[in-house]
Amino acid sequence: MAKTRANEREFAGQVIFWIKKRLAEGGLPFENATNDSSLYGLETTRFPDVLLTLDFGGLEPFCGWEFKTPKTDARDGKLLKDAVKKAQTLDAKYFVTWNMQTAIIWRTPGKTRVKVNEDDKVQEIGPDSRISSVEDVRDRAKAGLLEEMCRRLVMDLGRLYEDERLNLPVADTTVFVGMVSVASVKLADSLLRDINKARGKKTFDRRLNAWAKKQGVSKYDQEYYETLAQQIAYKIVGKILFYLTLRRQNLQLPRLDLRGKNYGTAMKRMRGLFEMALDYQAIFEHDITDEIELSEESARVIIELTDNLAHWTFELMQLDVIGNVFEKLVPEEARHSLGQYFTPDNLVDMIVAFCVKSENDFVMDPTCGTGTFLIGSYRRLRGLGARRRAHHKLLEQVWGFDIAGFPAELATINLCGQNLSDYRNFPRVLTMDFFDVQPGAKFEFPPPKKTAKTGERITVEIPKLDALMGNFPFIRQELIEKAEKGYKKKLEKVLHEDWYVNGGYRELFRNGNGNNSNKIRLSGQADIYAYMFFHAAVHLNDDGRMGFITSNSWLDVAYGYELQKFFLSKFKLVGIFESRCEPWFEQSAVNTVFTILERCDDEKERAANYVRFVKVKKPLAELFPQDVLTDAQGRWIALEQFVDKVEELGVHWDACGEKDFKKFAAINEEYVKQPEIISYEDDEIRVRMVRQEDLRAQVFDAAQTVKWGQYLRGPDIYFEILEKCADKLVPLSEVANIRRGITTGINEFFYLPREQARHWGIEKEFLKPVVTSTREIPGVFVEAKDLPYRVFSCHKDREELRGTRALKYIKTREKRSTKNGTPWNKVPSVKGRKNWYSVPKNVVADFLVLRFRDRRHYTPINKAKAEIGDVVFVGEFREDAYKNFGCSFLNSTLIALFAEVFGRANLGDGLLTTYGPEIGALLVPKDLQGTRSEKKMTRVCEEFTKLGRRRVLPFDKEVRRRDRESFEKEVFESLGLGEKEYKEVCHAVNELIEERHLLPKLRKARRVSVSVTEYKKLITL
Ligand SMILES: C[S@@+](CC[C@H](N)C(=O)[O-])C[C@H]1O[C@@H](n2cnc3c(N)ncnc32)[C@H](O)[C@@H]1O
């Protein structure tokens, strides 16, 4: 049978269906939508395509709808004239013209007018260019867009019925957040006074303390009552926001209009309205905070806020607004102490797409903040087919914990808000320290609606999870103990219970294979997220997945070793992802990665897995441009395609043919070892794939962290050079001693500007030139004439010093004290010395290695035989014969390349950090032997000397200099490399330098652009 074409009638039929579906969800003043003209005894041609009515019988018209296909303009003269006439006949206050692309709501003019003009327009939605033909009504994705449009029209009409007006400006997140945060600060201020007044009542203080404890506010906190006032302010603001969200769907709730009353009745009204919303009793539930009598001042702030909020519409506000409210509301220091940064939607969805695979999955974010991952997961579950499952059932599948009360509350609001008409369940979100959450533990939740059957609480056991996702707090290890003494011990105990007592991974503990030692192997330097990975994993189902965002530091630092072993032994490591083209977090200066893991006990499967190190080359908004709200389905499709592409690379790379793939052979030399690496690159991603068994062998052989950062950041030329020269290279630590420069203990005493040294007349034998800052070394050689300081270096006893100017200097100055009153000779860093005034004796260093690199790459040579301060690392070669060549080589672009690949770029300020382990790993040529080699080495040294006559320039300028090119030519030749490799190295290093500077630059630019938008918006208010 020939397929019939869709037409306007089919579209009209769909619209009636969508309107009725929306009406069934409740919260609107309308009861029916009909196309039955016989109800009014009219011919079909004189009746609107659809009539929206206030009663079920269809006899109280409110709005007529006229449909056209995209071929006809929504403002077509004949269409409008017809629509006006029909609306007037029926006495419908409004009518809609909709040509599928554009929908317009019009106010019906009085009967004396037959035409409408632009003044009669109340609302216009569209045009949506994705809709192009009437056939689109049969396309699932496009029909979804049309349905969304229809729902908006119905909501707008509802609001017109209630409020007689619509076009409130759409609240821009920044403006909205601005209003809310100003109000919260003011409210916290006046609430503090209200609380103090209420504390006069007998039992109030005790109950307030109990409440505070539940919110995670410790009585021992310094500003206890200030913090409480803040929490209560947030709670009130939270309720107001929730009420407004609730009213978006349920217009039968009265407007939150508190104006015009006196303060007492206004507050009573507010609480009364909250009572009406008590279907969500868990959020509006009474607690101690409702007992505080609000002063006139507090009430004024609340009234002002609700009044301001009434001038905006929230319908179209970005989804991340709740997270944003929190980010701006809570002072930055307070958020940062808990590591609270919130993840942008795109990143959340990408991780969710990797981890949530089935509509039946149970998921958890152990540090959920305002619930970005919970919402992402909820939507993903619905998209996966759980759409059929009711909201209250879906809520059972999504679990979240956060140690802080307010974000957890916002997460709850956020989840409830996904379907406010279904309040038969309560989100599984709890304010708790995740380390207190044990598998199988039972928790109590308030039933959303109290019934005789449910009572006050329902008890639910936490299930094993199919997916754990989130963004672990960025809390540096030094701060963990500072915040709570003994906290690390607690974490160790939890992990011991998880993996030792219950078995499963005893290797994490010393003598893990038998003896009952409970000493954890995780280094004391580990940041909190390292512990979280281990604890999260005990909650995971057999082949469940985890996806977590963390700082990228574990890839390269010592404590990464335990994580690497754990991941490779208990999981299939699906991939580690990093972006070098945009900062994923604008507020935080930490550079981040996310890691996807799949629990797997099958050793063979693990061994065969390809671990993917993925550099994301495009901003996420370009990879997934589809709108979260209007094109949810298209978006999930794009995300799934991305996930499939990455995952299939590992499985089928050999079937993909040569295109876009490269292979770097395994290397197994004495000093340089690398597994086989398959590299894939297109304009979206670069992926380095390593078989998990090879990676595992590498980590276990090394018995320390293998720098995985190299697979993410290392350019192709780096791996090519290793392939070609592995037999000729050796780590610097094998041929040189590396250490920190001298630590004087009291720079003020030991470092003397030259003039001051002269002034004291200190004997020459006690003064040595010293490098105190890298600014003092403009070129590749340390020259005494450039050094403005002398170090006081005296190893004689006082007896021997009698009569010297040096002794006078010591005696005069030792009377001085530090800022906190400690006399200089009692300062802990010097008092243990035989003579406090003697700096440690040192071998004269051959070279200095920078700790921080910006755009200049060089390794200054200590020609002046100066002392070197601890602002840098220093080293000396063990073999004299190697010295000159070694020092020269350390200044080559090859060392710049190795430093860029091994160094840490995790501070987020664009600087590259190289500490002891990174410096020791720099690769230098083995002692080249034989006369031919000696000649080559001599030529390298000769060319190097010529560089010493000038300043070292930023890398991109430096490599364009003639003298540099001549030097590099000799260096590259000494290793059997040529000009092609040199050019590629220059290009790669330049790119790496640019990449590490790009993120801070973008962070800054984005912050500026946000404040500019905010400003512009405010001045147009
Ligand atoms: C980086 S934020 C991430 C929030 C959210 N997952 C997101 O990505 O938007 C980290 C969250 O961890 C919470 N947190 C810190 N320590 C915690 C702990 N021990 N247990 C549970 N949550 C914790 C903080 O309050 C903060 O909200």
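This text goes with the structure placed above it.
Residues numbered from 1 in each chain as written. Predicted model: local features only at pLDDT ≥ 70, side-chain atom pairs only at ≥ 80, totals over all residues. Heavy atoms only, no water.

### Comments concerning the overall build of the protein
In step 1: When its secondary structure is counted, the protein shows 38 helices and 32 strands.
In step 2: Taking all 1021 residues of the protein together, 56% fall into the buried category.
In step 3: In the protein, the share of contacts with a sequence separation of at least 24, taken over all contacts with a separation of at least 6, comes to 72%. (Helix = DSSP H or I, 4+ residues; strand = E, 2+ residues; numbered from the N terminus. Buried < 20%, exposed > 50% of the residue type's maximum accessible area, 1.4 Å probe, protein only. Contact = heavy atoms within 4.5 Å.)

### A few points about the nonpolar core
In step 1: By size, the foremost hydrophobic cluster in this structure holds 137 residues, and its most contacted members are M546, W554, W708 and L732.
In step 2: Top element by residues in this core is helix α18 (residues 528-537). It accounts for nine residues.
In step 3: Not counting residues up to four positions away in its chain, the partners in contact with W708 are W554, L555, D556, Q564, L568, L573, I576, F613, L695 and V699.
In step 4: One finds L347, Y378, L394 and L620 within the second-largest nonpolar core, a separate group that totals 51 residues. (Core = buried A, V, L, I, M, F, W, Y, C linked by side-chain atoms within 4.5 Å.)

### Here's the deal with a positive patch on the surface
In step 1: Among the surface-exposed residues, R46, K81, K85 and K115 lie close enough to one another that they form a single positively charged patch.
In step 2: With respect to the helices and strands, the residue K85 is situated in helix α2 (residues 77-90).
In step 3: With relative accessibility at 60%, the residue K85 sits in the exposed group. (Patch = residues over 30% accessible without salt bridge, like charges linked within 9 Å, V, L, I, M, F, W, Y side chains within 5 Å. Areas by Shrake-Rupley, 256 points an atom, 1.4 Å probe, with all protein chains shown as cover. Salt bridge = Lys/Arg side-chain N within 4 Å of Asp/Glu carboxyl O. Lys, Arg positive; Asp, Glu negative; His and termini not counted. Charge placed at Lys NZ, Arg CZ, Asp CG, Glu CD.)

### As for the pattern of salt bridges
One side chain can pair with another of opposite charge once the charged atoms of both are near each other.
In step 1: Taken as a whole and judged by the stated rule, the model has 64 salt bridges.
In step 2: The residue D205 makes a salt bridge to R199 at a minimum N-O spacing of 3.1 Å.
In step 3: Given a relative accessible area of 30%, R199 falls into the partly exposed group.
In step 4: Among the salt bridges present, the one from E578 reaches R713, with a minimum N-O distance of 3.8 Å. Placement of E578 in strand β14 (residues 571-579) and of R713 in helix α24 (residues 709-713) is noted, with a sequence separation of 135 residues between them. Of the two residues examined, E578 and R713, each falls in the buried class.
In step 5: One salt-bridge network, held together by shared partners, links K357, R545, K572, E598, E605 and E647.

### Some details on the packing of helix α19 (residues 560-570) against helix α23 (residues 692-702)
The packing of two helices is summarised by the inter-axis angle and the distance between the axes.
In step 1: Here α19 crosses α23 at 145 degrees, and the two axes come no closer than 10 Å. For the element pair α19 and α23, the recorded crossing hand is left-handed. Residues Y561, Q564, K565, F567, L568 and S569 of α19 lie in contact with α23, whose contacting residues are Q692, L695, R696, V699 and F700. (Axes fitted to C-alpha atoms, helices over the stretch in contact; angles between N-to-C directions. Left-handed = near helix turned anticlockwise from the far one by under 90°.)

### Some details on the sheet that holds strand β16 (residues 610-616)
Remark on secondary structure: sheet strands pair via backbone hydrogen bonds, oriented parallel or antiparallel.
In step 1: The strand order β9-β8-β7-β12-β13-β15-β14-β16-β21-β20-β17 describes an open sheet built from eleven strands, whose pairing is mixed. Two strands close off the open sheet at either side, each with one partner strand: β9 (428-431) and β17 (661-664). Across the sheet, the mean angle separating the axes of adjacent strands is 15 degrees when strand polarity is ignored.
In step 2: Note: β17 against strand β20 (residues 677-681), four bridges, orientation antiparallel. Among the inter-strand pairings, F661 is bridged to a residue of β20, identified as Y680.
In step 3: Contacting β8 (398-402) and β9, helix α15 (residues 405-416) runs over the sheet at an angle of about 165 degrees to β9.
In step 4: Set on the sheet, α23 makes contact with β14, β16 and β21 (685-691); between it and β21 the angle comes to about 70 degrees. (Pairing = 2+ DSSP bridges.)

### As for unusual backbone geometry
In terms of backbone geometry, most residues other than glycine have negative phi values and most peptide bonds are trans.
In step 1: Cis geometry marks the peptide bond from G126 to P127; its omega dihedral reads 5 degrees.
In step 2: Despite not being glycine, M100 shows a phi value in the positive range, around 75 degrees.
In step 3: Phi is positive for A703, close to 55 degrees, though the residue is something other than glycine.

### Focus: the packing of aromatic side chains
In step 1: Under the criterion given, the structure shown has 64 aromatic pairs.
In step 2: Summarising the aromatic geometry, the rings of F472 and F548 are spaced 4.0 Å apart at their centres and angled 15 degrees between planes, so their arrangement reads as stacked. Residue F472 is located in the loop between β12 (465-471) and α16 (477-483), and its partner F548 is located in strand β13 (residues 540-551); the two are separated by 76 residues in the primary sequence. F548 carries the same exposure label as F472, and that label is buried.
In step 3: With a centroid separation of 6.4 Å and an interplanar angle of 55 degrees, the aromatic rings of Y751 and Y789 are classed as tilted. Pair noted here: Y751 is in strand β24 (residues 751-753) and Y789 is in strand β26 (residues 789-792), with a separation of 38 residues, a long-range link. (Phe/Tyr/Trp six-rings, centres within 6.5 Å; stacked < 30°, edge-to-face > 60°.)

### Some words on the environment of V154
In step 1: With respect to the helices, strands and loops of the structure, V154 is situated in helix α3 (residues 140-163).
In step 2: Along the chain, V154 and L52 lie 102 residues apart, while their C-alpha atoms are 9.0 Å from each other.
In step 3: Contact partners of V154, with chain neighbours within four places excluded, come to I19, R22, L23, L28, F30 and W65.

### Quick look at helix α7 (residues 263-276)
Residues spaced three or four apart along an α-helix face the same direction, because each turn holds 3.6 residues.
In step 1: For α7, with 14 residues, the first-to-last C-alpha span of 20 Å sits near the 20 Å given by 1.5 Å per residue.
In step 2: Every buried residue of α7 is accounted for by A266, M267, M270, L273 and F274. An end-on view of α7 places all buried positions within 120 degrees of arc, on one side of the element. Pointing more than 90 degrees away from the buried face of α7 are the exposed residues G264 and K268. (Expected span 1.5 Å × (residues − 1). Arc of directions from axis to C-beta.)

### Comments concerning α23
In step 1: Buried within α23 we find Q692, L695, Q698 and V699. Viewed along the axis of α23, the buried residues span an arc of 125 degrees, placing them on a single side of the element.
In step 2: Trailing α23 by a residue or two, A703 shows a phi angle of about 55 degrees, which is positive.

### Let's talk about the state of the cysteines
In step 1: Under the counting rule described, the total for this entry stands at zero disulfides.
In step 2: With no disulfide of its own, C887 lies closest to C941 among cysteine sulfurs, the gap being 8.8 Å.
In step 3: The class of C887 is buried, set by a relative accessible area of 6%. (Disulfide = S-S within 2.5 Å.)

### Some details on the sheet that holds strand β5 (residues 103-107)
In step 1: Reading across the sheet, the six strands line up as β1-β2-β3-β4-β5-β6 and stay open at both edges, with mixed pairing between neighbours. Edge positions in the sheet fall to β1 (32-34) and β6 (121-125), since each has one partner strand and no second. The mean inter-strand angle of the sheet, taken between neighbouring strand axes irrespective of direction, is 20 degrees.
In step 2: In the sheet, strand β2 (residues 50-53) pairs with strand β3 (residues 61-67) via four bridges, with the strands oriented antiparallel. Residue pairing in the sheet places V50 in a bridge with W65 of β3.
In step 3: Relative to strand β4 (residues 94-98), α2 is tilted by about 150 degrees, and along the sheet it contacts β2, β3, β4 and β5.

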